[in-house]
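Next come the chains, spelled out residue by residue.
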Amino acid sequence: MESLSNRKKVIEQKPMTLAERMYLPAIAKGLAITFRHMFKKKETIFYPEQERPISENWRGLHSLKRDENGKERCTACGLCALACPAEAITMIAAERKKGEEHLYREEKYAAVYEVNMLRCIFCGLCEEACPKEAIYLDGPFLEADYLRKDFIFGKDKLVEAPLKS
Amino acid sequence: MELAFVIEKFALVIVIFMISLGVAAYSTLAERKIAAFLQGRVGPHRAGWGGMFQPLADGAKMFFKEEIIPTQSNQFLFIAGPSLALLTALIGSAVIPWGQSLTFGDTVVQLQVADINVGILYIFGVVSLGVYGIMIGGWASNNKFSLMGAIRAASQNISYEIAMGLSIIALLMVTQSLSLKEIAAQQSGFINWNVWAQPLGFLIFIICAFAECNRTPFDLPESENELVGGYHTEYSGMKLGGFLFAEYINMFISSAVMATLYFGGYNFPFMNDLGLPQNIITLIGVLFLFAKIFFFIFFFMWVRWTVPRFRYDQLMNLGWKVLIPLGIANIVLTGIWIIVKDTYFK
Ligand code: SF4
Ligand code: SF4
C-alpha cells in the first residue's frame, strides 16, 4: 500500500561482504575505539567529596518550613498526605496551647509528622498540595542507612532549623 | 648435590607459585581498572594509592563471606570443583621457561621448573584437565544453571582444543621440537620469533586461548544474563574466589604460553649484541617475558570490554566450521612453505 506520509523507507539487508564476514576488521575497529576511550576525560564524580550539580527544580528530601518569625507553617490539614500517591506521609494533629504562639503559626499544628522515605517517590505532589507553603522538597539526597525504621523521618529531621537572632 | 637440586627446584616452584598468585590477584584489579578506563570511569581507587590494596580488600571480603554449601549438593565434589580448578590452573606454569640460566660460581640455575621434552603436550594435558574443575563444580551444585554452564564449558573447551592443537602442529613443524625450552631458545633476537613464521597459526591460537580461558567473547559458561552465574551460581565465599582466581591464573599461564610459543619468550631484540654478562641478559629477558605476558593479559581484558559475547551456535560454528578448517589449511601451507624453503632458499 502506498504510504501516506511518504516517509516510509524500505531497508535493504545486503549479504555481508567477505571482509565483514571475517569479523576481524570489525573487532580491530572496536578495539581502536575502546582504546581511544582510555585517554578521554573521566566522567566519574567522586561522590562524598564531590557532588553532581543539581538543577533548580531538583526534588530532594523534604523540609518543613518556618515563616518569617520562625513559627512552623504546617497546620496539619493533611492535604499533602491525601495528595501523596505513595502514601508516604502520616501525621497527628494537635491544638496549639496558650503560650505556644511563637512556635506554631496556626491554631492547629502537626504534633507528629512522618515521611517514610522508602515509600516516597519524590514526585513533589505534597509540595504542590500544601496550602500553607509548609513543605518543600529542597533537601539533599537520601542517604543510605541500615534499618528500615531509620528511613521514617520525623519532625526532628524534617523541620527547618529555627531562625537565629 | 641431590639436595641442592631439590632445594633449587623447590625455591623456584615457590617463587613461581607466589608470582602466579600475585599476578592473578593484581589482574583482578587491572581488570576493574581497565574496564573503568575503557568506559570513561576511574575504577577502584579508595583502597590505597590508586586502589593498590583493592585485591587485598577483595580477598579479605571473600574470606569473611558466609560459605554456603547447598544441602542438595554433593559436598565432596562441591569442594573438589574449585580446588581442582585452582590446581590445574597452577601446575601449567611448571614447564614454562621463565628465562635462560643464572650462573652463581659454578652452579647453573635454570629458570624453568621442569624441562620435559614434551612440554607442549603437558600444557595441553593440563589445560584439558582444567575443564574438570568447572564440570565437577557445576554438576555438584545440583542446579540447572550450574549444570548448563558446566556443559557449555565442557563442549566449548573440547571444540576449541582441536583447533588449538592444529595450530600447534603447524608450529611444531617449524620448530621441530616439543620442548618449550628449546622452542624459546630457537627464537633469539627478534626476527626469529615464531609469530612471523606462523601469523595465521597465532591468530587461531589466540582465539582458542580466549575460548579455553572462558573469557569474553567466549564466556558462555558463566554468562550472567542467561545463566545467573553459570557453573559458579551456587558458590560463595572463598570457593567462588577459587573459581575466579583460577580464571585469572589461567589467563596468566596462557599469556605466558603465547609469549613463549610465538613471541620469543624471554628473548628480546639485540640481546646478543649488547655485550652484557649472561646473568644480566637473563634478568632482562625475564623482564621482557613479563612485559609480553602483561601485554597479553591487557589484551585479554581489552577484548573483554570491547567485544560482546557470542551466541552459542555462533561459538560452535566458529570453532568447528571456521577455525578447524583454517587450522588444517595452515598445516598444509606450512608444509608447502617448509618444502619450498628447503629446496629453493638453501
Ligand atoms: S514527594 Fe510525592 S511521594 Fe514523596 S511524600 Fe511528597 S507526595 Fe508523597
Ligand atoms: S505540610 Fe502543608 S499540606 Fe501537609 S499538613 Fe502541613 S499544611 Fe497541610
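None of these values were measured; they are calculated from a predicted model.

Cut-off values and rules
- For every chain, the first residue of the written sequence is number 1, and numbering continues from 1 onward in sequence order.
- Starting at A for chains and at 1 for ligands, labels are handed out in the order in which the entities are written.
- Selection of residues for local features in this predicted model requires a pLDDT of at least 70, selection of side-chain atom pairs for listing and counting requires 80 or more, and totals for whole chains, interfaces and linings are taken over all residues.
- Neither water nor hydrogens contribute to the side-chain values; these are computed over all heavy atoms in the structure.
- Each reported salt bridge corresponds to a side-chain nitrogen of Lys or Arg within 4 Å of a carboxyl oxygen of Asp or Glu.
- Secondary structure follows DSSP: runs of H or I at least 4 residues long count as helices, runs of E at least 2 residues long count as strands, and numbering of each begins at the N terminus.
- Only protein chains enter the accessibility calculation, which uses a 1.4 Å probe. A residue is then buried if its area is under 20% of the maximum for its type, exposed if over 50%, and partly exposed in between.
- What the arc covers is the set of directions going from the helix axis to the C-beta atoms.
- The contact rule is simple, with two residues in contact once any of their heavy atoms fall within 4.5 Å.
- For helices, the fitted axis covers only the stretch in contact; all axes are lines through C-alpha atoms, and the angles between them, taken along N-to-C directions, range from 0 to 180 degrees.
- In this scheme, roughly parallel covers angles under 35 degrees and roughly antiparallel covers those over 145, while 65 to 115 is roughly perpendicular and the rest are oblique.
- Left-handed describes a crossing whose near helix is turned anticlockwise from the far helix through less than a right angle; right-handed describes the clockwise counterpart.
- In this classification, Asp, Glu, Lys and Arg are treated as charged, Ala, Val, Leu, Ile, Met, Phe, Trp, Tyr, Cys and Pro as nonpolar, and every other residue, Gly included, as polar.
- Throughout, buried area stands for the accessible area (probe radius 1.4 Å) lost by two parts on being put together, summed over both.
- Any N or O atom pair separated by 3.5 Å or less is treated as a polar contact, with the protein-specific requirement of one donor-capable and one acceptor-capable atom, and with residues adjacent in sequence counted only for side-chain atom pairs.
- Patch criteria: residues need more than 30% relative accessible area and no salt bridge. Like-charged residues are merged within 9 Å; nonpolar side chains of Val, Leu, Ile, Met, Phe, Trp and Tyr are merged within 5 Å.
- Note on areas: these come from Shrake-Rupley sampling with a 1.4 Å probe, and a residue is covered only by the protein chains present in the view.
- UniProt positions are given in the numbering used here, feature names are shortened, and annotations may be inferred rather than shown by experiment.
- Among buried residues, those of type Ala, Val, Leu, Ile, Met, Phe, Trp, Tyr and Cys that are joined through side-chain atoms within 4.5 Å constitute a nonpolar core.

(A) Examining the pattern of salt bridges more closely. Summed over the entire model, instances satisfying the criterion amount to 14 salt bridges over all chains. Residue lysine 65 of chain A is joined to glutamate 160 of chain A by a salt bridge in which the shortest nitrogen-to-oxygen separation is 3.3 Å. Linking lysine 65 of chain A in the loop between strand 1 (63–64) and helix 3 (79–83) with glutamate 160 of chain A in the segment after helix 5 (155–158), this pair joins segments that are 95 residues apart in sequence. Each of Glu31, Arg215, Glu247 and Arg304 of chain B takes part in one network of salt bridges that share partners.

(B) Molecular detail of helix 2 (residues 54–64) of chain B. Residue and element names in this part refer to chain B. Along helix 2, the positions that sit buried rather than exposed are Gln54, Pro55 and Met62. Buried residues of helix 2, viewed axially, fall in a sector of 100 degrees; they line one side. Facing away from the buried surface of helix 2 by more than 90 degrees, the exposed residues are Leu56, Phe63 and Phe64. Buried residues belonging to helix 2 abut helix 1 (2–38) and helix 10 (237–262).

(C) How the structure looks around the packing of helix 1 of chain B against helix 2 of chain B. Residues and elements named next belong to chain B. Closest axis-to-axis distance for the helix 1/helix 2 pair is 8 Å, and the angle between their directions is 110 degrees. Considered as vectors, helix 1 and helix 2 are oriented roughly perpendicular to each other. The crossing of helix 1 and helix 2 is right-handed. Across the interface between the two elements, Ala25, Tyr26, Thr28, Leu29 and Arg32 from helix 1 touch Gln54, Pro55 and Asp58 from helix 2. Tallied by class, the residues present in the contact of helix 1 with helix 2 amount to 4 nonpolar, 2 polar and 2 charged.

(D) Local environment of the interface of chain A and chain B. Taken together, the contacts link 16 residues of chain A with 16 residues of chain B. Its largest share of buried area at the contact with chain B, chain A owes to Leu31, Met38 and Lys42 of chain A, together 35% of the area lost on that side. The interface formed by chain A and chain B holds 1 salt bridge in total. In this structure, the salt-bridge partner of arginine 46 of chain B is glutamate 49 of chain A, at a minimum N-O distance of 2.9 Å. Scanning the region where chain A abuts chain B turns up 6 residue pairs in polar contact (both at pLDDT 80 or more). Along the lines of polarity and charge, the residues of the side of chain A that touches chain B split into 9 nonpolar, 4 polar and 3 charged.

(E) Focus on a nonpolar patch on the surface. A grouping of Tyr26, Trp49, Met52, Phe53 and Leu56 of chain B is seen on the molecular surface, where their side chains present a nonpolar patch of about 610 Å² in accessible area. For tyrosine 26 of chain B, the location among the structural elements is in helix 1.

(F) Layout of the UniProt feature "transmembrane region" (unreviewed entry) in chain B. Look at the UniProt record and you will see "transmembrane region" (unreviewed entry) annotated at residues 6–29, 76–99, 119–140, 160–178, 190–211, 248–268, 280–302 and 322–340 of chain B. Across residues 119–140 of chain B, the secondary structure splits into 100% helix and 0% strand, with the terminal C-alpha atoms separated by 32 Å.

(G) Structural view of the nonpolar core. The biggest cluster of nonpolar side chains holds 93 residues, and the ones touching the most others in it are Trp98, Tyr160, Phe218 and Leu261 of chain B. No other element matches helix 10 of chain B, which puts 14 residues into this core. Excluding its chain neighbours within four sequence positions, the residues that come into contact with phenylalanine 218 of chain B are Gln156, Tyr160, Ile207, Phe210, Ala211, Phe310, Leu315 and Leu318 of chain B. Ala86, Ala110, Cys120 and Cys130 of chain A belong to the second-largest nonpolar core, a separate cluster that totals 24 residues.

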